[in-house]
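# Fold and contact review
Next come the chains, spelled out residue by residue.
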Amino acid sequence: MTFASWGSLAMLLATAVSTTGQNITFAPPARATALVNAASGAPYGIASIEIPLRNPVLGNGPPPLGLSASPSPTFFVVSENVQSRAARMPSEMPLPRLGQGRLLGRVGNLIREIAGGDEDRMETVARRITFLFEGDQPFSVQVVDRNGVVGTFDIQPVNDANLRQGLLTEWWTDFTNQAKEQIDATDTPPWVQTYLVGMLSGRTGLPLPNWYGKSDDDENDDPLLMTLNWIGGAAKVSDRVFASAAAGRDLDAITANGSTDVAALPLPAPIAWQPTTHPIDPGAPQPEIEPLADHVPPECFYIRYGKFENYLWFQDLTDEHGGDISRMITLSGLSNDGSARLTKQLGIQMTAMGRMLGPTIITDQAIIGRDLYLQDGAAMGVVFQPTNTFLLRSSLNNDRTTLANSSDEITLKNVKLENGEGTLMRSTDNSIRSFMVERDDFICITNSETIAERFLEVGSTGESLGKTDAFRLARTLHPLSLDDTIFAYFSPEMLQGLLSPQYLIELRRRMQSEADIAMVHLARVAAASRSVGQNETAPGSDTPIQDIEPLVAAGYLPVGFGERPDGSGVFTIGDRVLDTRRGARGSFLPIPDSPVESVTATEARWFEEISEAYGQQFRSFDPIFVGVKRELIEPLAGADGSPGVQETELRERLIVHAEVAPWQPENYGSWAKQLGPPTPVAIRFAPDDIVALQAHVASDTLGPPTHLFAAIKDSNPPQPEAFDGILGSYQALKTLPGYLGAWPYPGTLDRLPLGLGRGQPIGPNMSRLLGGIFRYTGGEFSILSFQPEILNQTVPQIAAEKVSDSAQVRAHIGNLRGSELEGWVNEYLYQRASATSAAGADFLASLSNLLGCAPENAIEQANLILGGEVQCALGGTYQALPHIAGSSAGPQWVSTAWGEGNRVPPSIPPLSYQAPIMQWFRGADATVTQYANRLVADAVIEIARVRPKPSTGL
């Protein structure tokens, strides 16, 4: 900034002092100067109003425009400021005459020039609003912004194809750019914007934008990661599938025009898995196998509770957290209630009588299944080993008969299966689907006919999970005598089954079905809204369009919608939308019961890429088992031996043991080569180190196997946002009260050239390195910290000592309750939850503002579209703010958890907020040990439970 510029600014400010009462406004020009263009057409006409500014404004300029009132329906408004490169800077222009805000406008421009530096400047010269309309008759519109009415303008449509195409092309660029900005700005599912772009592309013939249906990391996906995304239901996968449905074509199709393939090819061959050897010593005693495992198919996972009391404990723990065990960690933005839906589907309801009688009639029980797709419809069941088979059978049959008699939509009948007989209770939409079969006094209730068949078959052949070498190895390593509260086993056959061609291709097809169901609900909202088009109604009725064919005919669904290569599709029954083969979303037909007989060329190529990738890296899958044992932590006794004082919370200790055995390190590449051998040496940390981690590592860079360790003091660290960017992270680390060390070798620091790793000596065994890092070296320890006082306090307390167990990785997290670190962790988790809460509000706002959904219906429609209950991750309730009279903006959504008057979540959590995990977590210690053929993880976690009331036992 030159002296002349500062002088000009001073003169302007001095002059401005004498011009009191002047307001800076963006007043519209006379109506005759506005440029209005409009062209009629089908299905939409398009109009553009460009309003020049009296004085150009540097930067973004005035707020966006909107439409407040019009006798003719108008849709998809796009507002932008017309900009051009400034010919001269404000400091280079002569002073304007006084009056009409010219001088203060000039002051504002000059201030923006000073604040912005010397880079090239853009100035706003006009405001433009473009929108679609129906019909070809003249009409008028009232243009507004947040400050009020800008003006009323007459629209005179002309029949000019070239004008219409030019206006449409420019509008489409702006509309799709704004849609992309909205998608990038929040974490909400982008289905509303994706639907609108796909629907309007089909209706107008305008091309889809390049970003459509893509995520930022699409180019970086390898087939292995892509498969995990499909199996795990990653958002990027469901968003891509939904984009294909909205566009009316498979975006991944190998055909030139992306049209639907024909399922004319045979099912591809499965991946060529190699058998895994299980190193069981033939001379060792045979492991004890629980009878229940001898009635479970090998291709099923197996979660055993053992005693009925263990099942009740897990059920009570789940109920304490709203019926969803995942709520112990965090609240999601969408509650799916998959566990409760499965319980309803199986027809197994826990009653007070059941809680009392269960321990007397059930010896053992386990959950089995082929997958864990609870959100869509899993293939699962329950196996019981009764103490009294007659009583359990009678109780279950009585419950099933009562449920079947409660509704005309539920039937209960005997069924003959290939390997035996049973009963089937079901409803037409599969929300109730329950097979009950019995073999050798063991009872299985499952939603999958395939699992029921296999249960009967293994009872006859004896080729069960309990007879496999892999399970017997697991029971050798983790014997039945440990008496786990929960024991979970995932067999190689189960894991490989998830990657079978039938499973993956049917999974892909059911995702397409879910997208189609969501599309129908979005199309219904669009058809019922005047923000999208004339209030479409069924012929001869005042009811908005609900059925699929009229929605396709009106352009709200793409031509050919629902034409799938497997012959399935979606249909409507009243407000409900169902799949012709799979039933209702959330309780889809289990994948094992959905045979795939033929595939398309796109599906075949897709699976071929997966098969080739796994064939190159994974010879087979390793079995996984997890044992969980709970212990009650009694209050500590007093010094005189008197009983300890009971706290308001009940403490329990969970002892978790997990193994991958046999472990094949070669399957995991370089990740399995980072650790040194197991060692009984552990680093003893300082007592005030509330978080500590150590690892025995080996690499060419570090040299011989070395213990690396790090710890954080109980303190108030920098805020999470302070770690943004390289410079921010450096500044935050300088204030982080922690340290990093190595033993017994100093590692790479001493091998740096020119002695950079040794730094400048500043005292005995202490030196200062570049960047302000302090280093202690002594006793085979090398420890780094930004804060020398931490080194001085901590070094005398650190030691390497022998312990009773061997491991490579050890971790410790102290009890955060009441610590200084508690507030930091709680705030970090609050920031994540508040972002999810804001995303939910944004999704409801997009329904209201982009689709015109009435606020009182928005939550219900969001639940139908997303297939779950929309919930605030902060525990509040969503509500729409009252509409501001005269404003063009649609309803804004907020949550009651944000506090009175807040339109966004506060940056600092309220005093009453406590993250879900902070309510029960009371500390943990864990180790990881990698052997030549086993990977073992052990953890001890202390949790807080609600203490029962002595008077009621509740």
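For every chain, the first residue of the written sequence is number 1, and numbering continues from 1 onward in sequence order. Owing to the predicted nature of the model, reporting of local features is limited to residues with pLDDT of at least 70; listing and counting of side-chain atom pairs is limited to 80 or more, with chain, interface and lining totals taken over all residues. Based on all heavy atoms of the structure, the side-chain values leave hydrogens and waters out of the count.

Here we take up the packing of aromatic side chains. Any two of the Phe, Tyr and Trp rings considered here, Trp counted by its six-membered ring, make a pair once their centres fall within 6.5 Å; the pair's planes then place it as stacked at under 30 degrees, edge-to-face at over 60, or tilted in between. A full pass over the atoms with the stated rule returns 28 aromatic pairs. For the ring pair Trp743 and Phe781, a centre distance of 6.2 Å and an interplane angle of 40 degrees mean the geometry is tilted. With Trp743 in strand S27 (residues 738-743) and Phe781 in strand S31 (residues 781-785), this pair connects stretches of sequence that are 38 residues apart. Only protein chains enter the accessibility calculation, which uses a 1.4 Å probe. A residue is then buried if its area is under 20% of the maximum for its type, exposed if over 50%, and partly exposed in between. Under the relative-accessibility criterion, Trp743 is labelled buried at 16%. Members of the aromatic cluster, joined through ring pairs, are Tyr44, Phe75, Phe76, Trp171, Trp172 and Phe175. Counted as over-ring charges are cases with an Arg CZ or a Lys NZ within 6 Å of the ring centre that also lie within 35 degrees of the ring normal. The aromatic ring of Tyr556 is capped on one face by Arg203, whose charged end is 4.6 Å from the ring centroid. Taking the ring centre of Trp606 as reference, the NZ or CZ of Arg508 above it sits at 4.9 Å. A run of H or I in DSSP becomes a helix once it reaches four residues, and a run of E becomes a strand once it reaches two; helices and strands are each numbered from the N terminus.

Bringing the side chain of Gln787 into the picture now. On the secondary structure map, Gln787 appears in the loop between S31 and helix H18 (788-794). For this analysis, a polar contact is any N or O atom pair within 3.5 Å, provided that within protein one partner can donate a hydrogen and the other can accept it, and provided that sequence-adjacent residues contribute only side-chain to side-chain pairs. From its side chain, Gln787 meets the backbone oxygen of Leu736 in a polar contact 3.3 Å long. Contacts are assigned to residue pairs with any non-hydrogen atoms lying within 4.5 Å of each other. Excluding anything up to four places from it in sequence, Gln787 contacts Lys734, Thr735, Leu736, Pro737 and Phe774.

With that settled, the discussion passes to the sheet that holds strand S19 (residues 576-579). Spatially, three strands are ordered S18-S19-S20 in an open sheet, and the strand pairing comes out antiparallel. Looking at which strands have only one partner, the edges of the open sheet turn out to be strand S18 (570-573) and strand S20 (583-584). DSSP-based pairing: two strands are paired if at least 2 bridges between them are found. Pairing between S18 and S19: four bridges, direction antiparallel. The partner of Phe571 across the bridge, within S19, is Leu578.

Quick look at the confidence of the model for the chain now. Within the chain, residue pLDDT values average 84, and 83% of them lie at 70 or more. The low-confidence segment residues 950-954 (pLDDT under 50) makes three contacts with residues lying over four places distant or belonging to another chain. As a per-residue quantity, pLDDT reports the predictor's confidence and falls between 0 and 100.

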